[in-house]
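The primary structure of each chain is shown beneath.
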Amino acid sequence: MKYFAVFFFMLFSTIGFAQDVETTVPQRVSGYIINDNSKQPLSGVNVINTNKVRGARSDEKGYFEIDVQVNDTLHFSILGFQSLRIRVTNDWIKNKVTRIQLTEKAIALEEVIIAPFNLTGYLEVDSKLIPTKENYRYSISGLTQGYEAGEYSPNAFGKVLGSIFNPADVLYGFFGKNGKELRKLKEMKKDDTVRNLLESKYDRETVAVLLGISKDEIPEIMHRCNYSDSFIQTANDLQIMDAISACYEQYKVLKRN
């Protein structure tokens, strides 16, 4: 009877372990993305697994494949359509293929006013008109041009350090609550699809989704990291992500010391 009980326990332990392994091993699911109005396939739709920070893109037939686990969230986005978030279910993994419908949205283009510097043509005068301390830039891997680095701005160190000792500070709250999401930034750089998507976007939507914040919070965070308005307004989403990541790394070092 004793040996039988041991055998029974081992049997159930093995079954439970097998089930745990099954739920943690990445599964590959696929689907077809269509326009819910015309029912035509949508190509070039960006699909991001926000839990694993892995991406895919639909082909000319609207077809995509991506690695997932149960309860992962997939974010679907393409210009001109409403973005959609879908949670991966056991049924989807079991059936492998599903159909995703995206809805078109109206896009109103706002007027953009560019205010150039009023240069005189005299070098000695013009050199004083152009600001020299607003933008600090350095190059990062994967980009052909440099971008502004907040930690090299005159007041950046003081602002980040001050947030550590002020629990009400925006950075204190953001970095304290979103540590898991911020650690995803390193994983993001391993996936070319996600990097290419962020490099081509300026709407901050994907950045907000990956970090679990609203788009309205991003400018405030960037300001607290001492980035200028010109950088915040003109940087692409990849540059914004790298800037936040750099600020977070500095915050961790200061907090540790």
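Residue numbering note: each chain is counted from 1, following its sequence as written. Given that this is a predicted model, residues contribute local features only at a pLDDT of at least 70 and side-chain atom pairs are listed and counted only at 80 or more, while totals for whole chains, interfaces and linings are drawn from all residues. The basis for the side-chain values is all heavy atoms of the structure; hydrogens and waters are excluded.

Caption draft 1: Region of interest: unusual backbone geometry. At Asn71, a residue that is not glycine, the phi angle is positive and equals roughly 80°. The secondary structure listing takes helices from DSSP runs of H or I that are at least 4 residues long and strands from runs of E that are at least 2 residues long, numbered from the N terminus. In this structure, Asn71 sits in the loop between strand S4 (63-68) and strand S5 (73-77). Backbone geometry at Asn226 places phi at a positive 70°, although glycine is not the residue there. Mapping Asn226 onto the fold places it in the loop between helix H9 (217-224) and helix H10 (229-234).

Caption draft 2: How the structure looks around the state of the cysteines. Cysteine sulfur atoms that come within 2.5 Å of each other are treated as a disulfide pair. Tallying each qualifying case throughout the model produces one disulfide. Through a disulfide, Cys225 is tied to Cys247; the S-S separation comes to 2.1 Å. What sets the handedness of the Cys225 and Cys247 disulfide is the S-S torsion sign, and at about -90° it is left-handed. Of the two residues, Cys225 sits in the loop between H9 and H10 while Cys247 sits in helix H11 (residues 237-256), which places them 22 residues apart along the sequence. There is no split in this pair, since Cys225 and Cys247 are both buried. Exposed residues in this analysis have more than 50% of their type's maximum accessible area, buried residues have under 20%, and partly exposed residues fall in between, with area computed by a 1.4 Å probe over protein chains only.

Caption draft 3: Geometry of the packing of aromatic side chains. Stacked, edge-to-face and tilted are the three classes for Phe, Tyr and Trp ring pairs, Trp counted by its six-membered ring, which pair at centre distances within 6.5 Å; planes under 30 degrees apart are stacked, over 60 edge-to-face, the rest tilted. According to the stated counting rule, one finds six aromatic pairs in the structure shown. Taking the centre distance of 5.6 Å and the plane angle of 75° together, the rings of Phe64 and Phe76 count as edge-to-face. Highlighted residues: Phe64 in strand S4 and Phe76 in strand S5, separated in sequence by twelve residues. Of the residues examined, Phe64 reaches a relative accessible area of 1% and is grouped as buried. With centroids separated by 5.2 Å and ring planes inclined at 45°, the aromatic side chains of Phe174 and Phe175 adopt a geometry described as tilted. Given a relative accessible area of 3%, Phe175 falls into the buried group. Grouped by ring-pair contacts, the aromatic residues Phe174, Phe175, Tyr248 and Tyr251 constitute a single cluster.

Caption draft 4: Just the nonpolar core, in detail. For our purposes a nonpolar core is just a set of buried Ala, Val, Leu, Ile, Met, Phe, Trp, Tyr and Cys residues, chained together by side-chain atoms within 4.5 Å. The biggest cluster of nonpolar side chains holds 33 residues, and the ones touching the most others in it are Phe175, Leu211 and Met222. Elements that contribute at least two residues to this core include exactly helix H5 (170-177), helix H6 (179-188), helix H7 (192-200), helix H8 (205-211), H9, H10 and H11. The element best represented in this core is H11, accounting for nine residues. Contacts are residue-level and defined by heavy atoms, with any inter-residue pair within 4.5 Å sufficient. Contact partners of Leu211, with chain neighbours within four places excluded, come to Phe174, Asn178, Glu181, Leu182, Leu185, Met241 and Ile244. Counting 17 residues, the second-largest nonpolar core is a separate cluster that includes Leu42, Val47, Val68 and Val88.

Caption draft 5: Summary view of the sheet that holds strand S3 (residues 54-57). Two strands are said to pair when DSSP picks up at least two bridges between them. The four strands are arranged S3-S2-S5-S6 in an open sheet whose pairing can be described as antiparallel. Looking at strand neighbours, the two that pair on one side only are S3 and strand S6 (84-87), the edges of this open sheet. Sheet twist, expressed as the average angle between the axes of neighbouring strands with direction ignored, equals 20°. By the bridge criterion, four bridges tie strand S2 (residues 46-49) to S3 in an arrangement that is antiparallel. Among the inter-strand pairings, Asn49 is bridged to a residue of S3, identified as Arg54. Angles run from 0 to 180 degrees between N-to-C directions of axes, and those axes are lines fitted to C-alpha atoms, restricted for helices to the stretch in contact. Against the sheet, H7 contacts S2 and S3, and its axis sits at roughly 75° relative to S3.

Caption draft 6: View of H9. Listed in full, the buried residues belonging to H9 are Ile218, Ile221 and Met222. Within H9, the buried residues cover an arc of 100° as seen down the axis, which keeps them to one side. Against H5, H8, H10 and H11 lie the buried residues of H9. One or two residues past the end of H9 sits Asn226, with phi positive at roughly 70°. This arc is built from the directions going out from the helix axis to the C-beta atoms.

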